[in-house]
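Report on the structure
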Amino acid sequence: MNKRFALKLIATCAIAASATSGFAQDVIKIANIVELSGAGATAGTNFKNGVELAVQEINAAGGILGKKIQTTTADTQSNPGVAKGLTQKAIDDNVFAIFGPVFSGSIMVSMAESRRAEVPNFTGGEAASITEQGNPYVFRTSFTQSTAMPKVARYITDVARLKSIAVIYVNNDFGKGGLDAIKKALANSQTKVISEISTESGQIDFSAAVLRAKQANPDGIFAYSNEDESARLLRELKKQGWTKPVIGETTLTGQKVIDLAGDSANGAIAHVGLTVDAPIPVVRAFKAKFEQAYKYTSDHNGMKGYSGIYVLKAAIEKAGKLDRKAVAVAMKGLKVNTDKYPGALMYTEFDNKGDLDRMSFIVQVKNGKQEVIDMVPPLNAATRDVKPAAASAAAVKPAAAPAAAKK
């Protein structure tokens, strides 16, 4: 019995030692768990490509703390259950960090596993509820709906001056969170939500949804769905002769949406956290590199994956060691500027929940392309006084813009 107990004790100690010393290895293992098929294929593929482009650049420059990054990629099939299983497998493989899933419904399920294993998990999901559960290991590479919706609400009320809107949204965690957030953001404004129209993920026919919106007779539509469905909605709106404003968020005017919707996308307006058409040198440089590598134009998801890797690099270097807990702590209150980390694309601050704040944009689709028509300062009190019109260093680092006027 004593010999058997001793053998078990040795085995247990060996496993523990492996778990704690695994990052003395020569590589930093990152699992890319994303939607490569199903409804999220567009978002997941762009995110993955952005991650891999950043990893190639960082490895070519010597890695992080002298260690190269090694990535593996797995397809969630846009299924939360699959995402959870893949996250468990990545944890078993002793990865240092996980990137993805992108869809809010999947990360809501899978992040419980990365939290339990204390593995930093970066997501492009935007549902406000992702970071409202007190998970110290989940971090966004995109705006939360709680940050984005006040910005687009101000545009709807103060610029577009719409007195009423119909909201057409997708009936999942992402869509329902967006509906709640835009209603909250507009609650004390002059714009009233007079119709809420639910649609389904993967929906093909939007004729009934558009007809309901027309019957409500709002001054405009706020559209909030996934990329493929947004394109179908825009085509149906044009088919039914809709001529009033169509306003949305990032997923309404992405390049994939424009490609799928064709002329029907022209005129659509959206608040976007990231766009390759931003008049910022490092963003334009990213656009060129991505196009050279993948032979197409990145959407916001590619930018999320790419900038997220550089944020991880900044957090590791702030922690000064390859320790997952220390990196999670370093993410709280992290400030990343493009003087040191150009791959972050814009000056970015993280709060204690894992949410980020940075400059953003209002875009309109014109002649089949996004065009930036306004720049929106961060909500954070520490950076909101930076005037965005310069569209240069001020967009990425407030301290680097002495010529910018105060608002």
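Preceding this section is the structure that the text describes.
My aim in this report is to walk through the structure given alongside it, one point at a time.

So, how was this worked out
Residues numbered from 1 in each chain as written. Predicted model: local features only at pLDDT ≥ 70, side-chain atom pairs only at ≥ 80, totals over all residues. Heavy atoms only, no water. Helix = DSSP H or I, 4+ residues; strand = E, 2+ residues; numbered from the N terminus. Buried < 20%, exposed > 50% of the residue type's maximum accessible area, 1.4 Å probe, protein only. Contact = heavy atoms within 4.5 Å. Areas by Shrake-Rupley, 256 points an atom, 1.4 Å probe, with all protein chains shown as cover. Core = buried A, V, L, I, M, F, W, Y, C linked by side-chain atoms within 4.5 Å. Arc of directions from axis to C-beta. Salt bridge = Lys/Arg side-chain N within 4 Å of Asp/Glu carboxyl O. Axes fitted to C-alpha atoms, helices over the stretch in contact; angles between N-to-C directions. Parallel < 35°, antiparallel > 145°, perpendicular 65-115°, else oblique. Nonpolar A, V, L, I, M, F, W, Y, C, P; charged D, E, K, R; others polar. Expected span 1.5 Å × (residues − 1). Pairing = 2+ DSSP bridges. Phe/Tyr/Trp six-rings, centres within 6.5 Å; stacked < 30°, edge-to-face > 60°. Lys NZ or Arg CZ within 6 Å of the ring centre and 35° of its normal.

**Here we look at the overall build of the protein**
When its secondary structure is counted, the protein shows 12 helices and 15 strands. The burial tally for the protein puts 55% of its 407 residues in the buried class. Sequence separation of 24 or more characterises 65% of the internal contacts of the protein that already satisfy a separation of 6 or more. Surface exposure of the protein reaches about 16600 Å², of which carbon and sulfur atoms provide 51%.

**Re the nonpolar core**
Ranked by internal contacts, the top residues of the largest apolar core, which has 79 residues, are Phe-99, Leu-234, Ile-309 and Leu-312. With 9 residues, the single largest contributor to this core is helix α11 (residues 300–319). Among the nonpolar cores identified, the runner-up in size contains 21 residues, and Val-152, Val-170, Ile-182 and Ile-269 belong to it.

**Observations regarding the environment of Gly-100**
One can find Gly-100 in the loop between β3 (97–99) and α4 (104–116). Dropping the residues within four chain positions of it, Gly-100 is found in contact with Ile-33, Val-34, Phe-47, Ile-107, Asn-121 and Phe-122.

**So, helix α7 (residues 207–216)**
All of the buried residues along α7 are Ala-209, Val-210 and Ala-213. All buried residues of α7 fall inside an arc of 95° around its axis, so they share one side. Facing away from the buried side of α7 by more than 90 degrees, the exposed set consists of Ala-208 and Gln-215. Elements in contact with the buried residues of α7: β6 (164–170), β7 (192–199), β8 (220–224) and α8 (227–239). One or two positions beyond α7, positive phi appears at Asn-217, with a value near 55°.

**Focus: the pattern of salt bridges**
Counting across every chain of the model gives 13 salt bridges. Its salt-bridge partner being Glu-113, residue Lys-84 comes within 3.8 Å of it at the nearest N-O pair. Of the two residues, Lys-84 sits in helix α3 (residues 80–92) while Glu-113 sits in helix α4, which places them 29 residues apart along the sequence. Overall, the relative accessible area of 32% leaves Lys-84 in the partly exposed class. The closest approach of N and O atoms between Lys-366 and Glu-371, which form a salt bridge, is 3.3 Å. Here the residues in one salt-bridge network are Lys-84, Glu-113 and Arg-116, joined through shared partners.

**A closer look at the packing of α11 against helix α12 (residues 324–331)**
Two elements in contact, α11 and α12, have axes whose closest approach is 8 Å; the angle formed by their N-to-C orientations is 110°. Compared by their axis directions, α11 and α12 come out roughly perpendicular. Between α11 and α12, the residues in contact are Val-311, Leu-312, Ala-315, Ile-316, Lys-318 and Ala-319 and Ala-326, Val-327, Ala-330 and Met-331, respectively. Partitioning the contact of α11 with α12 into residue classes produces 9 nonpolar, no polar and 1 charged.

**Quick word on helix α5 (residues 145–159)**
Since the α-helix advances by 3.6 residues per turn, residues separated by three or four positions end up pointing in the same direction. In this model, α5 (15 residues) spans 20 Å end to end at C-alpha, consistent with the 21 Å of a helix rising 1.5 Å per residue. After α5 finishes, the residue Arg-161 shows a positive phi value of roughly 55°.

**A short note on unusual backbone geometry**
The linkage connecting Gly-100 with the following residue, Pro-101, adopts the cis geometry, with an omega of -5°. Here Pro-101 shows up in the loop between β3 and α4. Although it is not a glycine, Glu-118 adopts a positive phi angle of roughly 60°. Along the chain, the position of Glu-118 falls in the loop between α4 and β4 (121–123).

**Observations concerning the sheet that holds strand β14 (residues 360–366)**
One key point about sheets: their strands pair by backbone hydrogen bonds, in either a parallel or an antiparallel sense. If you trace the 7 strands from one edge of the open sheet to the other, you get β7-β6-β8-β9-β10-β14-β15, paired in mixed fashion. The open sheet has two free edges, formed respectively by β7 and β15 (369–376), since each of these has just one partner strand. Strand-to-strand twist in this sheet, taken as the mean axis angle between neighbours without regard to direction, amounts to 25°. Where β8 meets strand β9 (residues 246–248), 3 bridges bridge the pair, whose relative direction is parallel. Bridged to Phe-222 within β9 is Ile-247.

**Topic: the environment of Phe-139**
Positionally, Phe-139 belongs in strand β5 (residues 138–140). Residue Phe-139 is classed as buried on the basis of its relative accessible area of 0%. A C-alpha to C-alpha distance of 9.7 Å links Phe-139 and Asp-351, two positions 212 residues apart in sequence. Those residues in contact with Phe-139 that lie beyond four places of it in its chain are Pro-120, Asn-121, Phe-122, Thr-123, Ala-328, Met-331, Lys-332 and Gly-354.

**Describing the packing of aromatic side chains**
Ring pairs (aromatic) are described by centroid distance and by the angle formed between their planes. Scanning all chains against the criterion turns up 9 aromatic pairs. Judged by centre distance (4.8 Å) and plane angle (50°), the ring pair of Phe-290 and Tyr-294 falls under tilted. Residue Phe-290 and its partner Tyr-294 are located together in helix α10 (residues 281–294), separated by 4 residues, close to a single helical turn. For the pair Phe-290 and Tyr-294, one class covers both residues: buried. Summarising the aromatic geometry, the rings of Phe-290 and Tyr-296 are spaced 5.2 Å apart at their centres and angled 90° between planes, so their arrangement reads as edge-to-face. You can call Phe-290 buried: its relative accessible area is 0%. Take Tyr-296: its relative accessible area is 29%, and that puts it in the partly exposed class. When the ring centre of Phe-143 is taken as origin, the NZ or CZ atom of Arg-358, which lies over that ring, is 5.9 Å away.

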